Amino acid sequence: PLALGLYTVNAVYGDTITMPCRLEVPDGLMFGKWKYEMPNGSPVFIAFRSSMKKNVQYDDVPDYKDRLSLSENYTLTIKNARISDEKRFVCMLVTEDDVSEEPTIVKVFKQPSQPEILHQADFLETEKLQMLGECVSRDSYPEGNVTWYRNGRTLQPVEEVVVINLQKVVDKSTGLFTMTSSLQYMPTKEDANARFSCVVTYDGPSGQKTIQSEPVVFDVHYPTEKVTIQVLPQSSTIKEGDNITLKCSGNGNPPPQEFLFYIPGETEGIRSSDTYIMTDVRRNATGEYKCSLTDKSMMDSTTITVHYLDLQLTPSGEVTKQIGEALPVSCTISSSRNATVFWIKDNTRMQTSPSFSSLQYQDAGNYICETTLQEVEGLKKSKTLKLIVEGKPQIKMTKKTNTNKMSKTIVCHVEGFPKPAVQWTITGSGSIINKAKETKYVNGKFSSKIIIAPEENVTLTCIAENELERTVTSLNVSAISIPEYDEPEDRNDDNSEKVNDQAKLIVGIVVGLLLAALVAGVVYWLYVKKSKTASKHVDKDLGNIEENKKLEENNHKSET
């Protein structure tokens, strides 16, 4: 490289400078020398080498003591390059007849340190010109230049907005430069999270280069421009008993720490932090809620609806009624929106609401009226009615001749609640029959059955008794040998069957009274005698029930 037409050597600060003597060695060379020129042009000799004796001598120059080396081809090297080595050096070759000279220019370069942004502002305020920081880069040669960047884009000076001041200071002992660039900046809200950096541009041996600082982000303070109120948790529905947190926030930086909360029914705002908590809210908490800055300059509002659900069951709890009575039942709902209502009886969902114009035993049970608000999770109410239907014992007796013609089945159909206790007796003797069989007690009904084979006419009495009453009904049963109309077990026509039995009994009594007027003594003697005989036969027949059953089966097979 040439500088002003001269040969130039570029050296790095601290490295070794190598300067070849660019002259051809002439014949008859006596010696070679190196010198440098002072700013005023006067020479300073620093090295000598004889071509005859091959010895090397270095002049006593303090700046170059122990730093010089002159080779046989007259190449001069200088160790530990300094800024002061930037001079015009001259190589001289001397013969008896001539002196030849060739100058070399030495340029020294020093890369600066990575720039740092020092004295950073703690925070920046919008609409205010303030010192952002100083970009400092040290030990550069030659001096460099400093450029500021925001998000990778160059910051150009703008009056009262971007003010840049660059200072360059040289260290007299080393000759190195320190560059300091200060930046005054008026930030805006958009500068929040902006990355500021600075770059030093410097000259090196191979050309221009740059070094960038680490980016810095500043906390930008700006006033609140908008207030927002939120309801937490952010659920679409709120029900009675929930806890509600109102949160108020401002979009300034730093955000406001205190607000005024306006609650329905309150004329003055309640001063609080950014949250206001309401616990176990009721339906009267429904309304518009507001919050504002403490100076009331900005405000936001929201509407809260507290959903509720009330259920009134009439009657409820345990209710005891008599069979045949009417019982009006109502399940009344009051809610914040349409509710779904359904009934459950004994764990089974009902298709319609219960209505009792005439209570029956099968109406007894546990009734639940339940309602929900489908859109409101967890809002559910229910009440229970335990219905007890009581009734005095009702009796209907039937008789049937078995197919084998060897026995008769007498059935006492009983209704009542609480469940009646049943007892069979033989009219006249008062004997108690203990071998009756009972069916399952369902919906207040069951049957008690006996099988007999009377040799004489007999009257059987069925006694049913519960806590409400004792009911007695009798039935005349003819002897097996006497043909008799068999009565079917018609459980669905209880009243007509009972009327027929009572009519027969009345007719028998009237006939008996007429006969008694004619032959009272004879009839009484016959009646007592026949009653005792029948009692013995019934007891005997009840012990042979299984035998009669087998006989009946055999007769049926024979007939088949």
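Given the structure is predicted, the values throughout are model-derived calculations rather than measurements. Every chain is numbered on its own, with residues counted from 1 as its sequence reads. Under the rules for a predicted model, residues below a pLDDT of 70 receive no local features and side-chain atom pairs below 80 are neither given nor counted, while totals for whole chains, interfaces and linings still include all residues. Here the side-chain values reflect all heavy atoms present in the structure, with hydrogen atoms and water set aside.

Student: Provide a residue-level description of the nonpolar core, including the pertinent values.
Tutor: Ranked by internal contacts, the top residues of the largest apolar core, which has 49 residues, are M19, W34, I46 and F89. By the criteria applied, helices consist of DSSP H or I runs no shorter than four residues and strands consist of E runs no shorter than two, each listed in order from the N terminus. In terms of residues, this core owes the most to one element, strand β17 (residues 177-185), which gives four residues. Inspection of this core shows a minimum of three residues originating in each of domain 1 (8-109) and domain 2 (116-221). Residues in contact with I46, not counting those within four places in the same chain, are W34, K35, Y36, Q57, Y58, D59, V61, Y64, L68, L76 and F89. By convention a nonpolar core is built from buried Ala, Val, Leu, Ile, Met, Phe, Trp, Tyr and Cys residues, the set being connected through side-chain atoms within 4.5 Å. Note on exposure labels: buried denotes an accessible area under 20% of the residue type's maximum, exposed denotes more than 50%, and partly exposed covers the range between, all computed with a 1.4 Å probe on protein chains only. Each domain span listed reflects an automatic or database assignment of domains. Whether two residues touch is decided by their heavy atoms; if any such pair falls within 4.5 Å, the residues are in contact.

Student: So, the side chain of S140: which residues are in play, and what are the values?
Tutor: Its location among the elements puts S140 in strand β13 (residues 130-140). Within polar-contact distance, the side chain of S140 engages the backbone oxygen of P142 at 2.8 Å. Within 3.5 Å is the distance limit for a polar contact, defined as a pair of N or O atoms, with the added protein rule that one can donate a hydrogen and the other accept it, and that residues adjacent in sequence qualify only through two side-chain atoms.

Student: Provide a residue-level description of the sheet that holds strand β16 (residues 162-170), including the pertinent values.
Tutor: The strands that make up a sheet are held in pairs by hydrogen bonds between backbone atoms, and each pair lies either parallel or antiparallel. In this description, strands pair whenever DSSP reports at least two bridges between them. Spatially, the four strands line up as an open sheet ordered β11-β13-β17-β16, and their pairing is antiparallel. A single partner strand is all that each edge strand has here, and the edge strands are β11 (116-118) and β16. Strand-to-strand twist across the sheet, computed as the mean angle between neighbouring axes with direction ignored, equals 25°. Where β13 meets β17, eight bridges bridge the pair, whose relative direction is antiparallel. Bridge pairing in β17 places V136 opposite T180. Here an axis means a line fitted to C-alpha atoms, over the contact stretch when the element is a helix, while the angle between two N-to-C directions is reported on a 0 to 180 degree scale.

Student: I'd like a description of unusual backbone geometry, backed by residues and values.
Tutor: For the bond from Y141 to P142, the omega torsion is -10°, close enough to zero to count as cis. Along the chain, the position of P142 falls in the loop between β13 and β14 (145-150). In the segment running from N253 into P254, the intervening peptide bond is cis, with an omega of 0°. Along the chain, P254 falls in the loop between β24 (244-250) and β25 (259-262). Even without being a glycine, D280 presents a positive backbone phi close to 50°.

Student: Pulling in residues and values, what's your account of the pattern of salt bridges?
Tutor: Each salt bridge in this description consists of a side-chain nitrogen of Lys or Arg and a carboxyl oxygen of Asp or Glu lying within 4 Å of one another. Here the structure, examined in full by the defined rule, presents 23 salt bridges. The salt bridge involving R283 is made with E240; its shortest N-O contact spans 2.9 Å. On the criterion of sequence distance, the pair formed by R283 in the loop between β27 (275-278) and β28 (287-293) and E240 in the loop between β23 (238-239) and β24 is long-range, its members being 43 residues apart. As a salt-bridge pair, E375 and R337 come within 3.7 Å of each other at their nearest N and O atoms. Placement of E375 in the loop between β36 (365-372) and β37 (380-401) and of R337 in the loop between β33 (330-335) and β34 (340-345) is noted, with a sequence separation of 38 residues between them. Where salt bridges share partners, they join E240, R283 and D310 into one cluster.

Student: Break down the state of the cysteines for me, citing the residues and quoting the values.
Tutor: Counting rule for disulfides: a pair of cysteine sulfur atoms within 2.5 Å. Scanning the entire structure with this criterion turns up five disulfides. Residue C21 pairs covalently with C91 via a disulfide, S to S 1.9 Å. Disulfide C21-C91: torsion about the S-S bond near -90°, hence left-handed. Within this pair, whereas C21 is found in the loop between β3 (17-19) and β4 (29-37), its partner C91 is found in strand β9 (residues 88-95), the two being separated by 70 residues in sequence. Across this residue pair, the class does not change: C21 and C91 are buried. Across the disulfide, C248 is cross-linked to C291 (sulfur-sulfur distance 1.8 Å). Because the torsion about its S-S bond is 65°, the bridge between C248 and C291 counts as right-handed. Placement of the pair is C248 in strand β24 and C291 in strand β28, with a sequence separation of 43 residues. Residue classification places C248 among the buried positions, given a relative accessible area of 1%. C291 gets classed as buried once you look at its relative accessible area, which sits at 0%. Taken N- to C-terminal, the disulfide-bonded cysteines of the protein are connected 1-2, 3-4, 5-6, 7-8, 9-10.

Student: Please provide a residue-by-residue account of the environment of F417, values included.
Tutor: Note on placement: F417 falls in strand β38 (residues 408-417). Residue class for F417 comes out partly exposed when judged on its relative accessible area of 31%. In this structure the C-alpha to C-alpha distance between F417 and E390, which are 27 residues apart in sequence, comes to 4.8 Å.

Student: Could you give me a rundown of the packing of aromatic side chains, with the residues and numbers involved?
Tutor: Each pair of aromatic rings taken from Phe, Tyr and Trp, with Trp reduced to its six-membered ring, is defined by centres within 6.5 Å and is described as stacked if the planes are under 30 degrees apart, edge-to-face if over 60, and tilted in the remaining cases. Tallied over the entire structure, the rule returns ten aromatic pairs. Between F31 and F48, the aromatic rings sit 5.0 Å apart at their centres with planes inclined by 45°, giving tilted as the arrangement. Within this pair, whereas F31 is found in strand β4, its partner F48 is found in strand β5 (residues 43-50), the two being separated by 17 residues in sequence. Members of the aromatic cluster, connected to one another through ring pairs, are Y36, Y64 and F89. Positioned above the aromatic ring of F342, the side-chain terminus of R349 is 4.0 Å from the ring centre. Should the NZ of a Lys or the CZ of an Arg lie within 6 Å of a ring centre and within 35 degrees of the ring normal, that charge is described as sitting over the ring.

Student: An account of the sheet that holds strand β26 (residues 270-272) is needed here, citing residue identities and associated values.
Tutor: The sheet built from four strands is open, its strands ordered β26-β25-β28-β29 with antiparallel pairing. The sheet terminates laterally at β26 and β29 (299-304), the two strands that pair on one side only. Direction aside, neighbouring strands of the sheet carry axes that sit 25° apart on average. Bridge count for β25 against β28 is four bridges, and the pairing is antiparallel.

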